[in-house]
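Each chain, letter by letter, is given below.
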Amino acid sequence: MSTSTSTTTTDPIPSIISSLLQTLQNTGINIIDHHLDKNAISLGHNFCAGIAKLKVTYELPEDGTQREQSFVLKIPSQSPFYEQLSALKMYQNEVQMYSTILPAMGALGEVDFAAKSYLPLADDNLVLEDLNELGYEVVNKKNQLDLAHSKLALKALAKLHGLSVKLYEKSRETLEVIVIPPRETPKEAVPSAIFEKFDNTVAVLDIPQEVRAKVHDFVVNIPEKTFNETMLPNENFNVLCHGDFWLGNMLFKHNAEGAVEDIKVVDFQMAHRCSPAIDLIEFFVTSIRFDVYISKRDELIELYLETLNGLLESLKSTARYTRSDLDRDVRRYKLFHLYNLGPYMSAVLSDQEDPFNLSGKDTTIYTSPLYRDALTKWLLHLNEGDML
């Protein structure tokens, strides 16, 4: 059997491959060969895990037919964020999502928005089906999402949220395997230089001085407070938020004519219970084209609410989430818009090959003309709505 690269004794991949191959053999198939690609994801598409792909060739016992199947191996990487994410148990949280929470949701309703996982999972390693092999792909992040892609994303999000509400009603302890981060999240979860550069970027935009002043006050006083508030349940309506719901964590499938027809959502490291507004704010700011957001915001919100509340009704849950509830929560967490307009939207619209290498030293992610144009539009829009 062959692999594309050598491994070391500290590398977890050999033991993962061994366990996976043994699991497959236990189903009665005959493993013929396997091939490992340890650099399966290009720069700019991932920043907190290493992604490898294992292609397995096997033979069916009944007729000797040969088949191939590809698996994704997801391993924590030594990125600038590794220590912070590990301390917050975010790698372990994702394992809990695939091993415990998503299967529990599947007992309540269809979980068609997530990839299939394999193996009894280790503390922070995952084996998933290869969505690329099934025709799913990440879209060009700089183009952001049009209306059709945005609708599919919000339907998937509403399913995750709705199933989590019913699961919490039925089996609260199941959701409590997700670790709630401490209120005092480490200040360097996002390096301070990143937000300081954001402040400097806003200072040279062609916007009113009052807007610059509001951004400066945010950067100086409350980025960490804003983050902490969005990581905890509130006294009103809570769901299991994805926690990192942006277009880079979505893979879309298109038909022969190029029309989008399905979506899978990945990367559940930051899942936690809070208001649905947290996922919606991040999605709207980072992932939808601004013109689509402005012209179709009400339509998209109504689609999300209709899908969410329709699912809750079908699950015989009495919980409901109204437009007034959402508007209240969006205003409550309004500064989360700024949190996402900083390092996150800038990375989406960056000209850099690897914009997610946010070491705190490289702050050139803010220089993209595309980003600065979108940032200007968003700040003026938020200020007009008294959301800064």
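Definitions and limits used
- Residues numbered from 1 in each chain as written.
- Predicted model: local features only at pLDDT ≥ 70, side-chain atom pairs only at ≥ 80, totals over all residues.
- Heavy atoms only, no water.
- Helix = DSSP H or I, 4+ residues; strand = E, 2+ residues; numbered from the N terminus.
- Buried < 20%, exposed > 50% of the residue type's maximum accessible area, 1.4 Å probe, protein only.
- Contact = heavy atoms within 4.5 Å.
- Areas by Shrake-Rupley, 256 points an atom, 1.4 Å probe, with all protein chains shown as cover.
- Arc of directions from axis to C-beta.
- Phe/Tyr/Trp six-rings, centres within 6.5 Å; stacked < 30°, edge-to-face > 60°.
- Lys NZ or Arg CZ within 6 Å of the ring centre and 35° of its normal.
- Core = buried A, V, L, I, M, F, W, Y, C linked by side-chain atoms within 4.5 Å.
- Pairing = 2+ DSSP bridges.
- Axes fitted to C-alpha atoms, helices over the stretch in contact; angles between N-to-C directions.
- Polar contact = N/O pair within 3.5 Å; in protein donor to acceptor, adjacent residues only side chain to side chain.
- pLDDT = per-residue confidence, 0-100.
- Expected span 1.5 Å × (residues − 1).
- Bend = angle between axes of the 7 residues up to and from the residue.
- Salt bridge = Lys/Arg side-chain N within 4 Å of Asp/Glu carboxyl O.

Caption draft 1: Structural detail: the overall build of the chain. Helices and strands together make up the secondary structure of the chain, namely 13 helices and ten strands. Expressed as a percentage of its 388 residues, the buried residues of the chain come to 54%. Long-range contacts, defined here as pairs at least 24 residues apart, represent 76% of the contacts in the chain between residues at least 6 apart. Surface accessibility of the chain: about 17100 Å² in total, with carbon and sulfur atoms responsible for 48%.

Caption draft 2: Representation of helix α11 (residues 323–332). Residues of α11 that are buried include every one of Asp325, Leu326, Asp329 and Val330, and no others. Take α11 and look down its axis: the buried residues cluster within an arc of 130°, on one side only.

Caption draft 3: View of the side chain of Thr376. Of note, Thr376 is situated in helix α13 (residues 369–384). The buried category is assigned to Thr376, whose relative accessible area is 17%. Not counting residues within four places of it along the chain, the set of residues in contact with Thr376 comprises Leu205, Asp206 and Ile207.

Caption draft 4: The packing of aromatic side chains, seen in detail. Here the structure, examined in full by the defined rule, presents 14 aromatic pairs. Look at Phe290 and Trp378: their rings are 5.5 Å apart centre to centre, the planes differ by 70°, and that puts the pair in the edge-to-face class. Note that Phe290 is positioned in helix α10 (residues 290–314) and Trp378 in helix α13, a separation of 88 residues in sequence. Its relative accessible area of 18% is what places Phe290 among the buried residues. Here Trp378 falls in the buried class, since its relative accessible area comes to 1%. Through a chain of ring-to-ring contacts, the aromatic side chains of Phe245, Phe283, Phe284, Phe290, Tyr293 and Trp378 assemble into a single cluster. The ring of Tyr168 has Arg273 sitting right over it, with the charged end atom 3.6 Å from the ring centre.

Caption draft 5: Highlighting the nonpolar core. Counting 97 residues, the largest nonpolar core has Phe198, Phe284, Leu341 and Leu379 as the members making the most contacts within it. In this structure, Phe198 is in contact with Val215, Val219, Leu338, Leu341, Gly342, Tyr366, Tyr371 and Leu375, ignoring residues within four places of it in sequence. Ile17, Ile31, Phe71 and Val127 belong to the second largest nonpolar core, which has 19 residues in total.

Caption draft 6: Structural view of the sheet that holds strand β5 (residues 126–129). Strand order in this open sheet of five strands is β1-β2-β3-β5-β4, and the pairing throughout is antiparallel. Here the strands that pair on one side only, and so sit at the sheet edges, are β1 (30–37) and β4 (117–118). Note: strand β3 (residues 66–76) against β5, four bridges, orientation antiparallel. If you follow Val72 over to β5, its bridge partner there is Leu128. Each of β3, β4 and β5 is contacted by helix α3 (residues 90–106), which is oriented at about 45° to β5, the strand it contacts most.

Caption draft 7: Looking closely at the pairing of strand β8 (residues 250–254). Judged from the two bridges that link them, strand β6 (residues 136–137) and β8 form a sheet pairing that is antiparallel. From the neighbouring strand, Tyr136 faces β8, where its bridge partner is Lys253. Once β8 ends, the chain turns through five residues before running back antiparallel as strand β9 (residues 260–265), passing Gly258 with a positive phi of about 90°.

Caption draft 8: How the structure looks around the side chain of Ser317. Looking at the secondary structure, you find Ser317 in the loop between α10 and α11. Here the side chain of Ser317 touches Glu169 through a polar contact of 2.7 Å, side chain to side chain. The residues contacting Ser317, other than those within four sequence positions of it, are Val165, Lys166, Glu169 and Leu312.

Caption draft 9: The confidence of the model for the chain, seen in detail. Per-residue pLDDT for the chain has a mean of 87; in total, 84% of the residues score no lower than 70. This stretch, residues 1–9, has a pLDDT under 50; its non-local contacts, to residues over four places away or in other chains, come to 20 contacts.

Caption draft 10: Quick look at the sheet that holds β6. With antiparallel pairing, the three strands of this open sheet are ordered in space as β6-β8-β9. In the strand order of this sheet, the two ends are held by β6 and β9, each with one partner. When β8 meets β9, the two strands line up antiparallel, connected through five bridges. Looking at β9, one finds that His254 is bridged to Val260.

Caption draft 11: How the structure looks around α10. Between its terminal C-alpha atoms α10 stretches 34 Å, which fits the 36 Å expected from 25 residues at 1.5 Å a residue. The sharpest bend along α10 reaches about 75° and sits at Lys296. Phi turns positive, to about 60°, at Lys316, one or two residues after α10.

Caption draft 12: Focus on the pattern of salt bridges. Counting across every chain of the model gives 18 salt bridges. Glu210 is the partner of Lys214 in a salt bridge, and the nearest nitrogen-oxygen pair spans 3.9 Å. Residue Lys214 and its partner Glu210 are located together in helix α7 (residues 209–221), separated by four residues, close to a single helical turn. Of the charged contacts in the structure, one is a salt bridge between Arg328 and Asp329, with a shortest N-O distance of 2.9 Å. Judged by its relative accessible area of 0%, Asp329 is buried.

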